[in-house]
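Understanding the architecture of this molecule
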Amino acid sequence: MSQQQKIIPFILRETPSLIESVLPVQKLSVDVYKERMAGSGQTLTGLGSYWKGRKPLVLNKACILGCLLPATKNIKRDLEVFELLMGMDEVTLSKRYGLPKPKELLAQLKLPNIWDYFDVSPPELRSQLPHSAPFILDDYKVVRSSGSLAKPIISWRKDLSEDQKHSLACAAMPAKAYRELATTVSRVEEINGFAHSHIWEQVNSHLGTDANSFSELINQLGIMRFGRRPVLADTFSGSGQIPFEAARLGCDVIASDLNPIACMLTWGAFNIIGSNVEQKNKIELEQKALIESVRSEIDALNIETDGKGWRGKVYLYCLEITCPETGWRVPLLPSLIISQTKKIVCKLVPDELNKRYRIDIVNNASEDEMTAAKKGSYQDQSMVHTVGGIEYRSKIATIRGDFNDHENGKRIIKNKLRQWEKSEVMYRSDDIFSERLYAIQWIRDDGNSRSDVEFRGITAGDEDREEKVNLYVKKNIEEWQKEGLIPDMKIEPGDKTDEPIRTRGWTYWHQLFNPRQLLLAAIIKKKITSNTAVGFINLLNWNAKLSIWNPGNNNVQQVFANQALNPLYNYGCRGSCWIGQHLVPHYSQFEILSKFKIINDVASGIIDQVDIFVTDPPYGDAVKYEEILEFFIAWLRKNPPKEFSDWIWDSRRALAIKGEDHDFKLSMVDAYKNMTLRMPDNGIQVIMFTHQSGSIWADMANIVWASGLQVTAAWYVVTETDSALREGQYVKGTILLILRKRLQSQEVARDELAYELADEVKKQVDLLTGLNRDSKDFYKDENLFEDADLQMAGYAAALRVLTRYKTIDGVDMPQESLRPRVKGQSTMVDELIEFAVNIANEYLVPEGMDTSIWEKSTGIERLYLKMLDMESKGIFTLSNYQNFAKAFKVRDDGEIMNEAKANKASLKTAKQLGKKGMNAADEFGPTILRSILYAIHILEENKTKPEDVLHQLRDLVPDYFRERSRISALAEYISKKTSALRPEESSNAIVLRDLVRREKV
Ligand SMILES: C[S@@+](CC[C@H](N)C(=O)[O-])C[C@H]1O[C@@H](n2cnc3c(N)ncnc32)[C@H](O)[C@@H]1O
């Protein structure tokens, strides 16, 4: 044990934080991506996959550590220590990867003495093996003392610790980029406890701490900075991802949110995932007791079993509508396929007498039947059926009587649908729609999860059971609503909530559930505790009339597969055999030892003293939490479990921060002003928000100003998973703004600001590119920072410089920033930000380009050269082309652009540029680069003799002979950058280079 260090309170009081100087955003993006791809395997997601927009824990960890760690004079070492703590170092990576077999290490590593690490069995064989590695163990057969031949078995020496083994094994890790490595290894939290055992000596020696765990380190850093264990708050805590990570690391935590479902999820994160063994056992007992008692109540009602040993697992329902032309009652099925994998379809069999369809189930359907079943009786928003050989098609909107109306100057669609009353749970016989059960998936009722399952059509017995459920629910509904066992809350109209009201006539939240679902949920609701409430809410997400039946995986889907409330034409309803799965969330336990407090209030209401705020505020209506979560709030509104009874069970839509207009700005300022007030002078904040549009920067600058804060750094981390990228959306990431209190009231003139901005951008770009250059990263070819990060340096610098000042050109900025934006008008702040970003972009010399040639290039040449470099790296994002065009002051990039699609933008190739646009009037036309591309093009055509190509080039380039070395360098650059994309162009570029070089003068 090292001699106890003396931890000096406040020694870091004035020291900038690491996150204000560096952050390895590329590696962080990889780990974020990895966490996201874990889907339901993410630590807190098991509590509620319906919560959208969870901020990855690994990103939160980076922010929290980044705020507490100091930025010292040795930035490189700061970064290394940060990576040790984040589990990005080579030894942790080896732990995440797993130990290879000793014989693999012997084959790969240079080891002067293998016996420092390994033992051999039987031991007498030691002398017969080489003393040093590398060697191939399988090549050796050795002689035992008995004289027989044996294969030696090599194992690790027993006295080596796991850390020692991994320190050796990491040298044999494949030499891949972090991106590739990290996607194949475990996440750090999956090997928690063991991941960090090797780091503390290095961490302590750099930081002057004496820690052996995160909790100790956080406590000591907190004392050094704030004089106490740090208190971290998130006033927009949502599902609790930020506060949970902070508590797991060892901060004392305050989590607050306006929405009670958010508070409940955060409560679950701390108390269920963060429980200790004793609590966990208690929770499990409660869950078990609940499941047993619900099952026995359902069984007593006799509504799920067929009396022959089978139980209803999934019930499939669809809507029916009357065909206006034939008077037939037609089921609305978008597809007749019930199971794709098991080849089960349903068949609509006409019942002439009753003018309706019987729905039969066909097992083992033929290929033709499967293909035919793809088309159902609901196609292109219309009901479709055939009677007497004639096909009838009617738009649902027409049958429903949709018409346009106006309310408060807004166009709205109305229709003839009847609005349901509070006590109603079913369509009435005179309604436009009705609903019917059309198939049941049965499971053999022997309690075995691998039991047989089969689909059957509906029998008289099923109809009786259905009737029993309906009557039971009708009889009890008012009582249940009074007791709070099912919702009695009206659906308030809104962007997302209008849909069920308008398209079905449902006006109360319980109407989004059918009687069978209501009955099951009411029985559970009567019995839940705080520990089981989280599971109960989870169950509602998987069992409502908005739960899609997926014939691909034979399963009922969650309501919130997206962030909307979409009523369906057919859906799946889960039987009680599912309750175990929903009420017992699958999770790994991480005991939380720190203090935590959960508050259900507006962000501006927090009154505690807080050292660090890390927040992820709502922005741009990405998710309408305040509307969609009413789906759940309605259930806990009356009689919530006692731990949640102080919370306001209402989404308080009016108080929720939303949109991005002036009101959004004002409520954000309210929230952040209060946070500034609650922070000590050396307090620090991180605000996370999703990058959506360029104007966000000016918005944020204004909010920061008016809240009495100033920006000290900004980072960009890619948080989108690749499926979004594949769909061709803009790459979305998370911006991290680092903020401090603005303690001084400085003034500045706008002219001076320009110089200061230029200086600041240059400093930041130099720092980041310098770190790239010096990085002795063991990962292959890895850039710590890429162009996008360097561009970010422009934004960061702009916000850093601007928000430092209270007054610019005599204008009081905190006041000014509260003024509403005038549409279409750019403000001084917009212009200054753009100025800074352009400066940052100008610094970005492409890889492999000689600076002296770069400096001689025109704007449009630079754009072409820069984008060629990007394309060679597989980056085709349109916004890059646009940003750089702006930075290089290109008037019209149309001359050089081939495609201008979001993620599929591209330059014209030499061939596509061809002969056109070579005039002096063109921007690209008369440049040297353009002439070179033309020469490459005619070489590619192979119709002109090489010496004639040179001849033409000489004519095109003024002062040709002096420019020869530049021409050959540019030709070589083009060749390198096009080698993978366009090999032919690449080889012709080299031909041109050689022609120019070898030319006799
Ligand atoms: C982007 S989400 C936070 C997500 C969270 N970081 C997570 O990982 O789950 C924003 C949160 O702000 C909450 N919110 C909106 N307006 C609020 C207000 N005025 N005061 C407090 N919370 C508010 C919403 O309920 C929502 O939970």
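Per-chain numbering applies: the sequence of each chain, read as written, is numbered from 1 onward. Whole-chain, interface and lining totals are the exception, using all residues; otherwise, since this is a predicted model, local features are given only for residues with pLDDT of at least 70 and side-chain atom pairs are given and counted only at 80 or more. To get the side-chain values, take all heavy atoms of the structure and skip hydrogens and water.

**What to know about the overall build of the protein chain**
The condition is simple: Secondary structure elements follow DSSP: runs of H or I of four or more residues count as helices, runs of E of two or more count as strands, with numbering from the N terminus. Note that the radius of gyration is over C-alpha atoms, with the globule rule given as 2.2 Å times the number of residues to the power 0.38. Residue burial is assigned from relative accessible area. The probe radius is 1.4 Å, only protein chains are included, and a residue is buried under 20% of its type maximum, exposed over 50%, and partly exposed in between. Contacts between residues were defined by any pair of non-hydrogen atoms, one from each residue, lying within 4.5 Å. Per-residue accessibility takes into account occlusion by the displayed protein chains alone, with areas from the Shrake-Rupley method and a 1.4 Å probe.
The helix and strand inventory of the protein chain stands at 36 helices and 31 strands. By the compact-globule yardstick of 30 Å for 1001 residues, the protein chain fits well, its C-alpha radius of gyration being 34 Å. Viewed in the frame of its principal axes, the protein chain has a C-alpha envelope of about 100 × 80 × 80 Å. By residue count, 57% of the 1001 residues in the protein chain fall in the buried class. Of the contacts made within the protein chain by residues no fewer than 6 positions apart, 73% connect residues no fewer than 24 positions apart. A total of about 43200 Å² of accessible surface is found on the protein chain, and carbon and sulfur atoms cover 49% of it.

**Examining the packing of aromatic side chains**
Stated precisely, the cut-off is as follows: Think of it this way: a Phe, Tyr or Trp ring, Trp meaning its six-membered ring, pairs with another when their centres are within 6.5 Å, and the plane angle makes it stacked under 30 degrees, edge-to-face over 60, tilted otherwise. Whether a charge sits over a ring depends on NZ of Lys or CZ of Arg being within 6 Å of the ring centre and within 35 degrees of the ring normal.
Following the criterion strictly, the structure yields 32 aromatic pairs and no others. Here Phe 118 and Trp 156 contribute two aromatic rings whose centre-to-centre distance is 4.8 Å and whose plane-to-plane angle is 45°, an arrangement assigned as tilted. Residue Phe 118 is located in strand E1 (residues 118-121), and its partner Trp 156 is located in strand E4 (residues 153-156); the two are separated by 38 residues in the primary sequence. In this pair, the class of Phe 118 matches that of Trp 156, namely buried. Note on Phe 513 and Trp 635: the rings are 5.1 Å apart at their centroids and 80° apart in plane angle, and the pair reads as edge-to-face. Taken together, the residues span a long stretch of sequence, with Phe 513 in the loop between helix H16 (498-504) and helix H17 (515-527) and Trp 635 in helix H21 (residues 630-636) at a distance of 122 residues. The rings of Tyr 50, Trp 509, Phe 513, Phe 536, Phe 560, Phe 631, Phe 632 and Trp 635 are connected pair by pair, giving a single aromatic cluster. Over the ring of Phe 10 we find Arg 13, and its NZ or CZ is 4.1 Å from the ring centre.

**Focus: the pattern of salt bridges**
For clarity, the cut-off: Every case where a carboxyl oxygen of Asp or Glu lies within 4 Å of a side-chain nitrogen of Lys or Arg is listed as a salt bridge.
Under the defined criterion, the tally for this structure stands at 67 salt bridges. Of the charged contacts, one joins Glu 424 and Arg 418 as a salt bridge, the two residues approaching to 2.9 Å between their closest N and O atoms. The partner of Lys 873 in a salt bridge is Glu 847, with the nearest N and O atoms 3.2 Å apart. Of this pair, Lys 873 sits in the loop between helix H30 (859-872) and helix H31 (878-887) while Glu 847 sits in the loop between helix H28 (828-842) and helix H29 (851-856), and the two are 26 residues apart along the sequence. On the accessibility criterion, Lys 873 (43% relative accessible area) is partly exposed. In this structure, a network of salt bridges that share partners links the residues Glu 972, Lys 976, Arg 993, Asp 994, Arg 997 and Arg 998.

**Notes on the sheet that holds strand E13 (residues 382-387)**
Under the convention used in this document: Two strands are counted as paired when DSSP detects at least two bridges linking them.
Read from one edge of the open sheet, 3 strands run E12-E13-E14, paired in antiparallel fashion. Because the sheet does not close on itself, it has two edges, and the strands there are strand E12 (378-379) and strand E14 (390-395). Where E13 and E14 come together, 6 bridges link them in antiparallel fashion. Bridge assignment links His 385 to a residue of E14, and that residue is Tyr 392.

**Describing helix H12 (residues 277-301)**
Going by this rule: Take the residue count of a helix, subtract one, and multiply by 1.5 Å to get its expected span.
With 25 residues, H12 extends 37 Å from end C-alpha to end C-alpha; this agrees with the ideal 36 Å at 1.5 Å per step. Residues of H12 that are buried: Lys 280, Ile 283, Gln 287, Leu 290, Ile 291, Val 294 and Ile 298. For H12, the elements touching its buried residues are helix H11 (260-273), H17, helix H18 (530-541) and helix H19 (579-583). Looking at the residues trailing H12, positive phi occurs at Asn 302, about 55°.

**Some details on the pairing of strand E8 (residues 329-332)**
By the alternation rule, side chains of E8 split into Arg 329 and Pro 331 and Val 330 and Leu 332, which are all buried. The pairing of strand E7 (residues 310-322) with E8 spans 4 bridges and is antiparallel. Within E8, the position partnered with Ile 321 by the bridge is Val 330. Hairpin connection between E7 and E8: a loop of 6 residues separates the two successive antiparallel strands, and Gly 327 in this loop has a positive phi of roughly 80°.

**Observations regarding the site of the ligand**
Operational definition: Nearness here has a simple test: a residue counts as near a molecule or strand if at least one of its heavy atoms is within 4 Å of that partner. Polar contacts here mean pairs of N or O atoms no more than 3.5 Å apart (in protein, one a potential hydrogen donor and the other a potential acceptor; neighbouring residues in sequence count only if both atoms are side-chain atoms). Each residue gets one label: Ala, Val, Leu, Ile, Met, Phe, Trp, Tyr, Cys and Pro are nonpolar, Asp, Glu, Lys and Arg are charged, and the others, such as Gly, are polar.
Among the 23 residues in the neighbourhood of the ligand, the closest are listed as Lys 55, Ser 239, Asp 257, Asp 616 and Ile 657. Ala 603 has a polar backbone atom sitting 2.9 Å from a nitrogen atom of the ligand. Within the backbone of Ile 657, one N or O atom sits 2.9 Å away from a nitrogen atom of the ligand. When the ligand is considered free in solution it has 600 Å² of accessible area, and contact with the protein chains removes 95% of it. Looking at side-chain class alone, the shell around the ligand contains 11 nonpolar, 7 polar and 5 charged residues.

**Let's talk about the side chain of Lys 624**
With respect to the helices, strands and loops of the structure, Lys 624 is situated in the loop between strand E23 (612-615) and helix H20 (625-628). On the basis of relative accessible area, Lys 624 is assigned to the buried category, the value being 10%. A distance of 3.2 Å separates the side chain of Lys 624 from the side chain of Asp 495, its partner in a polar contact. Excluding anything up to four places from it in sequence, Lys 624 contacts Asp 495 and Lys 496.

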